[in-house]
Amino acid sequence: MAHADSESAYFNNYPPPKALPKHESLAKSFIDYHVESNRRVVLVTSGGTTVPLENQTVRFIDNFSAGTRGATSAEYFLQEGYAVIFFHRQYSLLPYSRHYSHSTNCFLDFMDEASPTPLYNSNNSDHGPIKVRNKYQDEMRDVLRKYRYAKQNNRLLLIPYTTVSEYLFELRMLAKCMKPLGPNALFYLAAAVSDFFIPRDRMAEHKIQSSEIPKEFSNNDEAVGAEDIYTGGFEQKQATSSKKLVVNLDPVPKFLQQLVDGWSPEGSMIVSFKLETDPNILVYKAQTALKRYAHHLVIGNLLSTRKWEVVFVTPDAPYERWIRVPKSRRSKSISGVEDQVGLAEAAKRAGSQIAPSTPEDDDTPKEGDGHIGAREGSEIESLIIPELVKLHTNMIVKFNQ
Ligand code: PMT
C-alpha cells in the first residue's frame, strides 16, 4: 500500500484521542507565540508507547523507556534558547522534575524537617519547617530557577500520550501545527514507539479471560474468542486450569516518511533515533533508516551504553561521528555495561582502513560539558544538544541563502 493510502487507512480506522482538540489549541497558541518572536521550537518525543490488548484496557504491552533521554534533552534545548514541546508518555520523566522523581530520586530524600523555631508559624510547637537538605541547596536552586524561567516565559509545553495510537494522531497534529515555524522547527524523535500493535477489528472489547466462562455470559462478537485463546499445543497433556494467550500483532505503519514528506514544515530539521542491542548492526541500521526516510540525522545508541555514547549518522561528511562522555566523567548506571563502550564503532570499522578510536581517545572534557543535576558524572545530552544546535543553525543559514 502507498504511504498516503496506509496513512488514511490508519487514521480513518481509529477514533482520534479525546484530548486532541485541546492539545491542538494549546500547541497552536504556543507556536504562534514563538513564531512572533522568531524563536526556534523543538518537538521532543519521549518515553515508550503502550499497545492495549483490550479496548477497555486492563492489559497492555509496553517497553523499557523511562523518558530519560527526552526529559534530559529538553532541558539542554531550553538552555540553548529553544522553546520545547515536550510530547511524552504520561507519567514518564519530565524536564526538571526528573531530578526529584521516581524511586531512584525520591523527592522526600532531599528534604529534612528543621528544628522548631519561635518564628516558624505553626500551631504545633514541635513542628519544624520542611527544608531542602543543605547539601542539595545549590543544585535544587539551580533546577528550580531554570524550571521557573521556562514556565514564566512560556518556553515549555507538556503534551502527554499513552498508547501508540494516541502518539500517532498527536504527532501528526503537532507536526502540522508547526508549519508556520518553517526552518525554525526541529523534530527530535527520542520516543521508543511500539513497532507492533493489535488492529481495532481484532481487539477484544472486554478483559480477556484466562479461564472459560459459561456460554450465557460470553459475547459472540468478541474479537478474541475462546478458540483464539489456546493452550499452545506443546504440552503432552493440555492444561485444564489455565490457558496460554496467543496474540497476533500487526506492524505499526511507518509514519516517519509522512513526517518528512508531508506533515513537517518546509526547511525544518528532522532527527530520529535508532536503538539496538547488537553492536554489530547499530551503524548499519542507523544508515539504513537515514537512506530510507531521507531526513537529516539519525542518532544511534545501544541499550547498554546509551548513557555514555551515541553516534551521529548524517547524509553529509563526516557521515558517522561518535559522541562520548569522557571516561572520567561517566555516571554509574545499573542497567548499563561500560565495557561495551566503543564496541559498535569497532565493529563497524573492523575490516576498514581506519583504526577504531577507543573510548579513552575521547577523554578530554569538551566545551558544553557543563550540566545541571547529574549528581555523579556528565549527562551525554549536554554534548548531544549543542552539536545538534550547530547542525540546525547550518540548515537555517542554508535555507535562508
Ligand atoms: O527513555 P530512555 O530510557 O532514556 O531511552 C531512550 C531511547 C533509547 C528510547 C532513545 O534514545 C531511542 O533510541 N529512541 C528510539 C528507539 C527506536 O529505535 O525507535 P525505532 O527504530 O522504532 O524508530 C525510529 C525512529 O522513528 C525513532 O526516532 C522513533 O521515535 C520514530 N518513530 C518510530 C515509529 C513510529 N511509528 N513513529 C515514530 O516517530
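Residues numbered from 1 in each chain as written. Predicted model: local features only at pLDDT ≥ 70, side-chain atom pairs only at ≥ 80, totals over all residues. Heavy atoms only, no water.

(A) Region of the structure containing the nonpolar core. Judged by nonpolar contacts, the single largest core of 51 residues is most densely connected at I85, M178 and F187. The biggest single contributor to this core is helix α5 (residues 164-177), with 9 residues. Those residues in contact with I85, other than ones at most four positions away along the chain, are F30, I31, V41, V42, L43, V44, L157, I159, L174 and M178. By size, the runner-up hydrophobic cluster in this structure holds 37 residues, among which are A71, V84, Y100 and L388. (Core = buried A, V, L, I, M, F, W, Y, C linked by side-chain atoms within 4.5 Å. Buried < 20%, exposed > 50% of the residue type's maximum accessible area, 1.4 Å probe, protein only. Helix = DSSP H or I, 4+ residues; strand = E, 2+ residues; numbered from the N terminus. Contact = heavy atoms within 4.5 Å.)

(B) Up close: the site of the ligand. Taken together, 24 residues are adjacent to the ligand, and S65, L189, A191, K274 and N301 come closest. Here an oxygen atom of the ligand and a backbone polar atom of G67 are 2.9 Å apart. In the complex, the protein chains occlude 94% of the 780 Å² of accessible area that the ligand would expose alone. Counting residues per element, the ones that place at least two in the shell around the ligand are α3 (68-79), α5 and β11 (269-276). For the shell around the ligand, the leading source of residues is β11, giving 4 residues. Looking at the shell around the ligand residue by residue, the classes come out as 15 nonpolar, 5 polar and 4 charged. (Near = heavy atom within 4 Å. Polar contact = N/O pair within 3.5 Å; in protein donor to acceptor, adjacent residues only side chain to side chain. Areas by Shrake-Rupley, 256 points an atom, 1.4 Å probe, with all protein chains shown as cover. Nonpolar A, V, L, I, M, F, W, Y, C, P; charged D, E, K, R; others polar.)

(C) Here's a closer look at the pattern of salt bridges. The full count for this structure, using the stated rule, is 20 salt bridges. With its nearest N and O atoms 3.3 Å apart, the salt bridge here joins D195 to K254. Highlighted residues: D195 in the loop between β8 (185-189) and β9 (196-197) and K254 in the loop between β10 (250-251) and α6 (256-263), separated in sequence by 59 residues. On the basis of relative accessibility, which here comes to 47%, the residue K254 falls in the partly exposed class. Across the pair R324 and E345 runs a salt bridge whose closest N-O atoms are separated by 2.8 Å. Residue R324 is found in strand β14 (residues 320-324), and its partner E345 is found in helix α8 (residues 343-349); the two are separated by 21 residues along the sequence. Across the pair, exposure class does not vary: R324 and E345 are buried alike. Overlapping salt bridges, with partners in common, bring together E309, E320, R324, E345, K348 and R349 in one network. (Salt bridge = Lys/Arg side-chain N within 4 Å of Asp/Glu carboxyl O.)

(D) Examining the confidence of the model for the chain more closely. Here the chain shows a mean pLDDT of 88. Residues at 70 or above account for 86%. Note that pLDDT drops below 50 for residues 353-374; the model gives that stretch 46 contacts with residues more than four away or on any other chain. (pLDDT = per-residue confidence, 0-100.)

(E) View of the sheet that holds β14. Read across the sheet, 8 strands follow the order β7-β4-β1-β8-β11-β12-β13-β14 without closing on themselves; strand pairing throughout is mixed. Two strands lie at the open edges of the sheet, namely β7 (156-161) and β14, each paired on one side alone. Taken over all neighbouring pairs, the strand axes of this sheet differ in orientation by 20° on average, direction set aside. (Pairing = 2+ DSSP bridges. Axes fitted to C-alpha atoms, helices over the stretch in contact; angles between N-to-C directions.)

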